[in-house]
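An overview of the molecular structure
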Amino acid sequence: MLPYSKVSESAKYILSKIKVIPPTAVILGSGLAGFHERVDDRIEIPYSDIPGFGEATAIGHSSKLVFGKLKNRYVIMMCGRFHCYEGYSMEQSAFPVYVFKEMGVKNLIITNAAGCINTEFGAGELMLISDHIKLVADSPLRGPNDDKLGPRFNDMTYAYTPRLRELAKEVAYGVGMPLREGVYAYMPGPSYETPAEIRALEILGADAVGMSTVAEVIAASHCGLDVLGISLLTNMAAGILDKPLSAEEVIQAGKNAAEDFAKLVTAVIERIEV
Ligand code: HPA
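In short, a report on the structure. (Residues numbered from 1 in each chain as written. Predicted model: local features only at pLDDT ≥ 70, side-chain atom pairs only at ≥ 80, totals over all residues. Heavy atoms only, no water.)

Details of the nonpolar core
We count it as follows: Definition used in this section: a nonpolar core is a set of buried Ala, Val, Leu, Ile, Met, Phe, Trp, Tyr and Cys residues joined via side-chain atoms within 4.5 Å. Note on classification: 1.4 Å probe, protein chains only; a residue is buried when its accessible area is under 20% of the maximum for its type, exposed when over 50%, partly exposed between these limits. Put simply, DSSP marks the helices as runs of H or I at least four residues long and the strands as runs of E at least two long, and each gets a number from the N terminus on. Two residues qualify as a contact provided that any one of their heavy atoms is within 4.5 Å of a heavy atom in the partner residue.
Counting 51 residues, the largest nonpolar core has Ile14, Phe53, Leu65, Ile76, Phe100 and Leu108 as the members making the most contacts within it. Per-element accounting of this core gives the leading share, 8 residues, to helix 2 (residues 90-103). Residue contacts for Leu65: discarding those within four places in its chain leaves Ile14, Ile43, Glu44, Ile45, Tyr47, Ile50, Phe53, Ile76, Met77, Met78 and Phe100. Core analysis: the next-biggest nonpolar cluster, separate from the first, contains 31 residues, Leu164, Met177, Ile230 and Ile272 among them.

Shown next, in the form of structure tokens:
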């Protein structure tokens with residue numbers, strides 16, 4: 001993992017630009033790409049100015065932090081994340097999470113687009129992540145541990161913070177929005193999965209599949225940030241329907257669900273304990 005000194009340098013730089021510590025950080029996945037435009041009194045910090053940050057190259061992702069107020073709550077958002085399929089290590093994908101922790105952020109809302117494996121759920125729906133499955137060997141914590149950031153062996157039992165999951169369910173119920181809950185399986189991509197891989201993941205207990213999130217969640221659990229994970233199910237996973245998957249379909253589904261996704265995340269931020 002990257003050493004504390006790098007995390008601290010990066011956090012100091014960001015704090016020098018924003019002056020107030022936001023209680024909540026949000027990582028915007030494909031379905032929430034335009035969400036930062038709802039933030040008032042915006043301060044934007046390009047990743048290229050932040051020590052230790054990479055550049056987000058995935059379609060539909062920009063490369064900046066946006067800080068400001070959402071319904072009178074301070075938030076900081078990552079517009080663009082670092083996926084392993086772009087060539088980043090899990091360590092690099094997870095780096096911003098440690099920086100948020102070092103800044104004094106308490107809650108991390110992680111969003112993503114995912115393929116739907118559970119055939120009782122459908123494309124276009126939102127799914128609260130209750131847990132994850134990571135079958136690849138890599139981890140953001142591989143290598144020497146920096147005890148200033150977290151323990152060598154961290155517990156993952158409550159990585160998806162029960163308090164925040166309950167809050168999201170209450171909020172969704174309150175606004176009459178259907179919200180599924182299930183297990184997210186990480187696959188490294190960038191190819192979509194094969195139908196056989198999807199059948200295997202289903203047997204293992206996965207409800208959705210995607211190419212992000214788990215490195216960030218492992219880091220958050222390691223350093224003690226509370227996590228809420230929400231997937232937008234953009235498509236039925238490979239082999240479930242008799243048709244090929246396309247990145248355009250994923251982006252279009254993101255656009256269609258953007259309003260609901262934004263409504264849910266805004267209401268959660270408004271009601272989150274600070
Ligand atoms: N698989 C992996 N990642 C994804 C998918 C999928 O089907 N849809 C959106 N992100």
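From this point, the narrative continues.
Comments concerning the packing of aromatic side chains
Each aromatic ring pair is described using two quantities: the centre-to-centre distance and the angle formed by the ring planes. Our working rule: Ring pairs are drawn from Phe, Tyr and Trp, using the six-membered ring of Trp, whenever the two centres fall within 6.5 Å, and their geometry is named by plane angle: stacked under 30 degrees, edge-to-face over 60, tilted for the rest.
The tally for this structure, following the rule as stated, stands at 6 aromatic pairs. Arranged with centres 6.0 Å apart and planes meeting at 85 degrees, the rings of Phe53 and Phe82 form a pair that is edge-to-face. With Phe53 in the loop between strand 2 (40-46) and strand 3 (64-70) and Phe82 in the loop between strand 4 (73-79) and helix 2, this residue pair connects regions lying 29 residues apart in the sequence. Take Phe53: its relative accessible area is 10%, and that puts it in the buried class. With relative accessibility at 3%, the residue Phe82 sits in the buried group. By the ring-pair criterion, three or more aromatic residues cluster together here, those being Tyr47, Phe53, Phe82, Tyr88 and Phe95.

A few points about the pattern of salt bridges
Rule in force here: When a carboxyl oxygen of Asp or Glu lies within 4 Å of a side-chain nitrogen of Lys or Arg, that pair is called a salt bridge.
All chains considered together, the criterion is met by 12 salt bridges. For Glu216, the salt bridge goes to Arg81, with nearest N and O atoms at 2.8 Å. Residue Glu216 is found in helix 5 (residues 214-223), and its partner Arg81 is found in the loop between strand 4 and helix 2; the two are separated by 135 residues along the sequence. A single burial state applies to Glu216 and to Arg81, both of which are buried. Residue Asp138 is joined to Arg142 by a salt bridge in which the shortest nitrogen-to-oxygen separation is 4.0 Å. Arg142 sits in the exposed class, given a relative accessible area of 59%. What emerges from the salt-bridge pattern is a single network uniting Arg165, Glu166, Lys169 and Glu181.

No statement about biological role is implied by the geometric values presented.
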